[in-house]
Amino acid sequence: MNNDASLHRTVVVRNAEGLHARPADLLVRLASRYQATIQIGKNNEWVDCKSILSLLTLGAAQGTELSVSAQGPDAAEAIDSITAFVEAGFNDTGEIRGAYPAI
Amino acid sequence: MKFADFITTKAIRAELKSQTKDAVIEELVQALLEAGEIDADQRDDIISSIMKREELGSTGIGRGVAVPHTKHPSVQKLVGTVGVSESGVDFDSLDGERVQLFFLLISPPERPGDHLRALENISRQLRDDTFCRFLKQSKTAVDIQQLLQEADDNQFVSG
């Protein structure tokens, strides 16, 4: 497989609270496990998925459609896990509970 | 959303005295109390719920910035303030850096959208190095207020 190929997928923010600070932190930690360059896009504005400050600039509320792109040797795994995490509502219950168990 | 929509001018604190995470949070909540934005009998509960949120993971999001926050049923609208620490405070930040800029937010439980838009505004402005640097150098609450006003007037970021 060509390492330069860039993978794209579209996801929707599911949780009621949207992409707030805690999910953004978890998303950065998840993305940082991969070598791939991962970007998140909203309305043609793309930001680095490994930067919490950048993710927060999206202000992605519940129902927002986000594009995910990944490029690099482990792009396929990266895009699978990132999109699954977003689609799972960032495992965000809206209550203060334990941290994302996989991390 | 603009800073003017959620930052209480009277609660802005330049030259924070506190040297620890707990003390900074208490100092800023106290500032909101003195500005009349929160109820005196809710002060301790608000402080403890902000601390509980910090236990989940620091809100020190890097670049010397932290956004300690909580939802609280005692507020009717999003309220917030800004504090600047010249020496910086160890806040267990994600990037390990000491925190100089604090944006403390308290939001009503049923208004997640307002909280998100406040975070969006803060993070967009803080991406601008000039804004960040000027804010860290602010010596008075009036300086901070003027910077926030200039940011609201889009003098730092284009998009």
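### Details of the nonpolar core
Piece 1. The biggest cluster of nonpolar side chains holds 73 residues, and the ones touching the most others in it are Leu 27, Leu 55 and Ile 82 of chain A together with Phe 102 of chain B.
Piece 2. Sequence-distant contacts of Leu 55 of chain A, defined by excluding residues within four places in its chain, comprise Leu 19, Ala 24, Leu 27, Val 28, Ile 40, Val 47 and Cys 49 of chain A.

### As for the environment of Val 47 of chain A
Residues and elements named next belong to chain A.
Piece 1. Relative to the helices and strands, Val 47 is located in strand E3 (residues 45-48).
Piece 2. Residue classification places Val 47 among the partly exposed positions, given that 18 C-beta atoms sit within 10 Å.
Piece 3. Note: C-alpha distance between Val 47 and Leu 58 (11 residues apart in sequence) is 8.2 Å.

### Description of the pairing of strand E4 (residues 65-71) of chain A
All names here are of chain A.
Piece 1. Across seven bridges, strand E1 (residues 6-12) lies against E4 in antiparallel orientation. Across the sheet, the residue bridging to Thr 10 is Ser 67, located in E4.
Piece 2. Here strand E2 (residues 37-42) pairs with E4 via five bridges, running antiparallel. Its bridge partner being in E4, Gly 41 is matched across the sheet by Ser 67.

### Looking at helix H3 (residues 75-87) of chain A
All names here are of chain A.
Piece 1. Under the 1.5 Å per step criterion, the end-to-end length of H3 is 18 Å for 13 residues, consistent within 8% with the ideal 18 Å.
Piece 2. Taken together, the buried residues of H3 touch E1, helix H1 (21-31), E2 and E4.
Piece 3. Positioned one or two residues after H3, Gly 89 has a phi angle of 65 degrees, which is positive.

### Some remarks on unusual backbone geometry
All names here are of chain B.
Piece 1. With a phi angle near 50 degrees, Glu 15 is a residue other than glycine that sits in the positive phi range.
Piece 2. Here Glu 15 shows up in the segment before helix H1 (21-34).
Piece 3. Residues other than glycine seldom take positive phi values, yet Arg 63 does so here, at roughly 60 degrees.
Piece 4. Position of Arg 63 among the secondary structure elements: in the loop between strand E1 (60-62) and strand E2 (65-66).

### Overview of the interface of chain A and chain B
Piece 1. Facing 15 residues of chain A, the contacting portion of chain B comprises 21 residues.
Piece 2. Elements with a contribution of two residues or more to the side of chain A that touches chain B: H1 and helix H2 (52-56) of chain A.
Piece 3. Of the residues contributing to the side of chain A that touches chain B, the split by class is eight nonpolar, four polar and three charged.

What counts, and where the lines are drawn
- The numbering scheme is per chain: residues are counted from 1 as the chain's sequence reads.
- Key to labels: chains lettered from A, ligands numbered from 1, both in the order written.
- Reporting of local features is limited, given that this is a predicted model, to residues whose pLDDT is at least 70; pairs of side-chain atoms are given and counted only at 80 or more, and all residues count toward the totals for whole chains, interfaces and linings.
- Linking buried Ala, Val, Leu, Ile, Met, Phe, Trp, Tyr and Cys residues through C-beta atoms within 7 Å yields a set, and such a set is a nonpolar core.
- Working definition of burial: number of other C-beta atoms within 10 Å of the residue's own, with buried at 20 or more, exposed at 12 or fewer, and partly exposed in between, all C-beta atoms being placed from the backbone.
- Residues are defined as contacting one another if the C-beta atoms placed from their backbone atoms lie within 7 Å.
- A run of H or I in DSSP counts as a helix once it spans at least four residues, and a run of E counts as a strand once it spans at least two, with each numbered from the N terminus.
- Strand pairing follows a simple DSSP-based rule, namely that at least 2 bridges must link the two strands.
- Expected span, for any helix, means 1.5 Å times one less than how many residues it has.
- We call Asp, Glu, Lys and Arg charged. Ala, Val, Leu, Ile, Met, Phe, Trp, Tyr, Cys and Pro are nonpolar, and the rest, Gly among them, are polar.

All quantities given are derived from atomic positions and should not be read as evidence of function.
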